[in-house]
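In case you want the letters, here they are:
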Amino acid sequence: MIELKNFIELNEQEITLVWQWRNDKKVNEFMYTKNFDIKEHKNFIHNLKQDESKKYFLVFKDKEAIGVIDFVNIKKESCYFGLYAKPNLKGVGQILMDEVKKYAFEILKVKILKAYVFKNNDKALKLYFKNDFQIEKEDKNFLFIKINNFS
(Lines give C-alpha, C1' and ligand atoms only; values in the text may rest on other atoms or scores of the structure.)
Protein backbone atom coordinates (compact mmCIF):
# COMPACT_ATOMS: atom_id res chain seq x y z
CA MET A 1 0.00 0.00 0.00
CA ILE A 2 1.33 3.44 -1.00
CA GLU A 3 0.82 6.48 1.22
CA LEU A 4 1.82 10.11 0.69
CA LYS A 5 2.64 12.26 3.70
CA ASN A 6 2.74 16.01 3.12
CA PHE A 7 6.02 17.60 4.24
CA ILE A 8 4.08 20.05 6.41
CA GLU A 9 2.81 17.06 8.45
CA LEU A 10 6.18 15.34 8.96
CA ASN A 11 7.42 14.68 12.48
CA GLU A 12 10.96 15.59 13.61
CA GLN A 13 12.34 12.15 12.79
CA GLU A 14 10.90 12.25 9.24
CA ILE A 15 12.14 15.83 8.70
CA THR A 16 15.66 14.72 9.64
CA LEU A 17 15.37 11.61 7.46
CA VAL A 18 14.40 13.62 4.35
CA TRP A 19 17.20 16.12 5.06
CA GLN A 20 19.74 13.26 5.28
CA TRP A 21 18.49 11.73 2.01
CA ARG A 22 18.51 15.07 0.24
CA ASN A 23 22.14 15.70 1.24
CA ASP A 24 23.25 12.17 0.30
CA LYS A 25 25.85 12.29 -2.48
CA LYS A 26 23.86 9.95 -4.77
CA VAL A 27 20.70 12.08 -4.48
CA ASN A 28 22.40 15.46 -4.36
CA GLU A 29 24.46 15.05 -7.53
CA PHE A 30 21.37 15.53 -9.71
CA MET A 31 19.77 18.32 -7.67
CA TYR A 32 19.72 21.95 -8.67
CA THR A 33 20.12 23.04 -5.02
CA LYS A 34 23.10 21.39 -3.37
CA ASN A 35 23.85 20.82 0.32
CA PHE A 36 22.00 22.79 2.98
CA ASP A 37 21.81 22.61 6.75
CA ILE A 38 18.95 21.29 8.86
CA LYS A 39 17.83 24.82 9.82
CA GLU A 40 17.42 25.78 6.14
CA HIS A 41 15.53 22.52 5.57
CA LYS A 42 13.13 23.22 8.45
CA ASN A 43 12.58 26.79 7.20
CA PHE A 44 11.82 25.43 3.73
CA ILE A 45 9.20 23.05 5.16
CA HIS A 46 7.71 25.80 7.34
CA ASN A 47 7.38 28.08 4.28
CA LEU A 48 5.49 25.36 2.38
CA LYS A 49 2.52 26.01 4.70
CA GLN A 50 1.98 29.40 3.06
CA ASP A 51 2.83 28.42 -0.51
CA GLU A 52 0.01 26.89 -2.56
CA SER A 53 2.25 26.62 -5.64
CA LYS A 54 4.35 23.81 -4.07
CA LYS A 55 3.57 20.42 -2.60
CA TYR A 56 6.15 17.95 -1.27
CA PHE A 57 5.44 14.40 -0.07
CA LEU A 58 7.34 11.64 1.67
CA VAL A 59 6.23 8.41 -0.01
CA PHE A 60 5.67 5.24 2.01
CA LYS A 61 5.26 1.71 0.70
CA ASP A 62 3.89 -0.70 3.31
CA LYS A 63 4.81 1.81 6.07
CA GLU A 64 8.45 2.12 4.89
CA ALA A 65 9.65 5.50 3.59
CA ILE A 66 10.89 4.92 0.02
CA GLY A 67 11.26 8.37 -1.52
CA VAL A 68 10.06 11.90 -2.12
CA ILE A 69 7.87 13.39 -4.82
CA ASP A 70 7.19 17.07 -5.30
CA PHE A 71 5.16 19.46 -7.39
CA VAL A 72 6.18 23.07 -7.97
CA ASN A 73 4.97 26.00 -10.01
CA ILE A 74 1.48 24.50 -9.70
CA LYS A 75 -0.96 26.28 -12.01
CA LYS A 76 -4.38 25.41 -13.35
CA GLU A 77 -3.04 23.79 -16.54
CA SER A 78 0.41 22.52 -15.54
CA CYS A 79 3.06 21.92 -12.92
CA TYR A 80 6.63 20.74 -12.60
CA PHE A 81 7.53 17.66 -10.62
CA GLY A 82 10.54 16.06 -9.05
CA LEU A 83 11.24 12.74 -7.40
CA TYR A 84 14.01 10.85 -5.69
CA ALA A 85 14.28 7.51 -3.98
CA LYS A 86 15.74 6.73 -0.59
CA PRO A 87 19.51 6.42 -1.14
CA ASN A 88 20.63 2.89 -2.06
CA LEU A 89 17.04 1.67 -2.48
CA LYS A 90 16.61 0.06 -5.88
CA GLY A 91 13.51 -0.52 -7.95
CA VAL A 92 11.19 2.19 -6.64
CA GLY A 93 11.49 4.74 -9.46
CA GLN A 94 8.39 3.46 -11.24
CA ILE A 95 6.37 3.43 -8.01
CA LEU A 96 7.32 7.08 -7.42
CA MET A 97 6.58 7.95 -11.05
CA ASP A 98 3.14 6.32 -10.83
CA GLU A 99 2.37 8.40 -7.73
CA VAL A 100 3.55 11.58 -9.47
CA LYS A 101 1.24 11.00 -12.43
CA LYS A 102 -1.68 9.95 -10.23
CA TYR A 103 -1.42 13.00 -7.96
CA ALA A 104 -0.82 15.48 -10.80
CA PHE A 105 -3.63 14.24 -13.02
CA GLU A 106 -6.21 13.07 -10.46
CA ILE A 107 -5.73 15.47 -7.52
CA LEU A 108 -4.18 18.60 -9.04
CA LYS A 109 -6.06 17.92 -12.31
CA VAL A 110 -3.32 19.47 -14.45
CA LYS A 111 -3.25 18.83 -18.17
CA ILE A 112 0.54 19.01 -18.58
CA LEU A 113 3.17 17.53 -16.28
CA LYS A 114 6.69 18.92 -16.74
CA ALA A 115 10.20 18.48 -15.40
CA TYR A 116 13.70 19.55 -16.12
CA VAL A 117 16.44 17.00 -15.85
CA PHE A 118 20.22 17.15 -15.98
CA LYS A 119 21.27 15.73 -19.36
CA ASN A 120 23.65 13.30 -17.65
CA ASN A 121 20.98 11.86 -15.33
CA ASP A 122 20.58 8.67 -17.34
CA LYS A 123 18.48 6.80 -14.76
CA ALA A 124 15.89 9.58 -14.55
CA LEU A 125 15.75 10.05 -18.32
CA LYS A 126 15.27 6.32 -18.85
CA LEU A 127 12.37 6.35 -16.37
CA TYR A 128 10.74 9.42 -17.92
CA PHE A 129 11.02 8.18 -21.50
CA LYS A 130 9.63 4.80 -20.44
CA ASN A 131 6.63 6.77 -19.13
CA ASP A 132 6.06 8.58 -22.44
CA PHE A 133 7.56 11.95 -21.53
CA GLN A 134 8.84 13.91 -24.48
CA ILE A 135 11.56 16.53 -24.79
CA GLU A 136 10.06 19.99 -25.06
CA LYS A 137 13.36 21.89 -25.27
CA GLU A 138 16.92 21.80 -23.98
CA ASP A 139 19.74 24.04 -22.91
CA LYS A 140 23.40 23.45 -22.09
CA ASN A 141 22.71 21.43 -18.92
CA PHE A 142 19.05 20.39 -18.93
CA LEU A 143 16.39 18.60 -20.93
CA PHE A 144 12.92 20.04 -20.38
CA ILE A 145 10.36 17.26 -20.66
CA LYS A 146 6.60 17.01 -20.51
CA ILE A 147 3.66 14.67 -20.80
CA ASN A 148 0.06 15.58 -21.59
CA ASN A 149 -2.92 14.10 -19.77
CA PHE A 150 -5.38 13.04 -22.43
CA SER A 151 -7.73 11.10 -20.17
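Before any of the text, the structure's been laid out above.
Residues numbered from 1 in each chain as written. Predicted model: local features only at pLDDT ≥ 70, side-chain atom pairs only at ≥ 80, totals over all residues. Heavy atoms only, no water.

Engineer: Explain helix α4 (residues 93-107) to me, please; I cannot follow it from the model alone.
Structural biologist: Working note: α-helix, 3.6 residues per turn, so residues spaced by three or four point in the same direction. Here α4 contains 15 residues, and its C-alpha end-to-end distance of 20 Å stays within 8% of the 21 Å for a straight helix at 1.5 Å per residue. All of the buried residues along α4 are Leu 96, Met 97, Glu 99, Val 100, Tyr 103, Ala 104 and Phe 105. Directly after α4, the chain includes Lys 109, whose backbone phi takes a positive value near 60°. (Helix = DSSP H or I, 4+ residues; strand = E, 2+ residues; numbered from the N terminus. Expected span 1.5 Å × (residues − 1). Buried < 20%, exposed > 50% of the residue type's maximum accessible area, 1.4 Å probe, protein only.)

Engineer: Help me understand the nonpolar core in this model?
Structural biologist: Counting 29 residues, the largest nonpolar core has Phe 71, Phe 81, Leu 83, Leu 113 and Tyr 128 as its most contacted members. Going through the elements one at a time, β2 (55-61), β3 (64-72), β4 (78-85), α4, β5 (112-118), α5 (122-130) and β7 (142-148) are the ones with two or more residues in this core. Considering each element in turn, this core owes the most residues, six residues, to α4. Sequence-distant contacts of Tyr 128, that is, excluding residues within four places in its chain, are made with Phe 81, Leu 83, Met 97, Val 117, Phe 133 and Ile 145. Ile 15, Val 18, Leu 58 and Phe 60 belong to the second largest nonpolar core, which has 15 residues in total. (Core = buried A, V, L, I, M, F, W, Y, C linked by side-chain atoms within 4.5 Å. Contact = heavy atoms within 4.5 Å.)

Engineer: It is not clear to me how a positive patch on the surface should be interpreted in this structure. Could you clarify?
Structural biologist: Where like charges cluster on the molecular surface, the positive patch consists of Lys 25, Lys 26, Lys 90 and Lys 123. Topologically, Lys 26 is positioned in helix α2 (residues 25-28). (Patch = residues over 30% accessible without salt bridge, like charges linked within 9 Å, V, L, I, M, F, W, Y side chains within 5 Å. Areas by Shrake-Rupley, 256 points an atom, 1.4 Å probe, with all protein chains shown as cover. Salt bridge = Lys/Arg side-chain N within 4 Å of Asp/Glu carboxyl O. Lys, Arg positive; Asp, Glu negative; His and termini not counted. Charge placed at Lys NZ, Arg CZ, Asp CG, Glu CD.)

Engineer: Would you take a moment to explain the side chain of Glu 14 for this structure?
Structural biologist: Relative to the assigned elements, Glu 14 resides in helix α1 (residues 12-22). Other than its neighbours up to four places away in sequence, Glu 14 contacts Lys 5, Glu 9, Leu 58 and Phe 60.

Engineer: How should the sheet that holds strand β6 (residues 134-138) be read in this particular structure?
Structural biologist: Sheet strands line up and pair through hydrogen bonds in the backbone, either parallel or antiparallel. Within the open sheet, the seven strands sit side by side as β1-β2-β3-β4-β5-β7-β6. Their pairing is mixed. The two strands at the open ends of the sheet, each matched to only one other strand, are β1 (2-6) and β6. Across the sheet, the mean angle separating the axes of adjacent strands is 30° when strand polarity is ignored. The sheet contact formed by β2 and β3 spans seven bridges and is antiparallel. If you follow Leu 58 over to β3, its bridge partner there is Val 68. The sheet contacts of α4 involve β1, β2, β3, β4, β5 and β7, and relative to β3 the element is tilted by about 40°. (Pairing = 2+ DSSP bridges. Axes fitted to C-alpha atoms, helices over the stretch in contact; angles between N-to-C directions.)

Engineer: Explain the environment of Asp 98 here, please?
Structural biologist: Examined against the element boundaries, Asp 98 turns out to sit in helix α4. With relative accessibility at 38%, the residue Asp 98 sits in the partly exposed group. Separated by 33 residues in sequence, Asp 98 and Asn 131 have C-alpha atoms that sit 9.0 Å apart.

Engineer: Quick question: what am I supposed to make of the pattern of salt bridges here?
Structural biologist: Side chains that differ in charge, positive against negative, can pair when their charged atoms come close. In the structure shown here, the tally under the stated rule is nine salt bridges. Put simply, Asp 51 and Lys 54 hold a salt bridge, and the shortest N to O gap is 3.7 Å.

Engineer: What should I look at first to understand the layout of surface pockets in this one?
Structural biologist: It is a probe the size of a water molecule, rolled over the atoms, that shows where empty space is left. Space inside the largest pocket adds up to approximately 1500 Å³. What lines the largest pocket is a set of 47 residues, among which Val 27, Phe 30, Met 31, Leu 83 and Tyr 84 lie closest to the centre. Put simply, the parts of the chain that give the lining of the largest pocket at least two residues each are α1, α2, α3 (38-48), β3, β4, α4, β5 and α5. Each residue belonging to the lining of the largest pocket can be placed in one class, and the counts come to 28 nonpolar, eight polar and 11 charged. (1 Å grid on protein atoms, 1.4 Å probe; cavity = no way out; pocket = protein on both sides within 12 Å on 5 of 7 lines; lining within 4 Å. Points joined across faces, edges and corners; volume = space filled by probe spheres on them. Nonpolar A, V, L, I, M, F, W, Y, C, P; charged D, E, K, R; others polar.)

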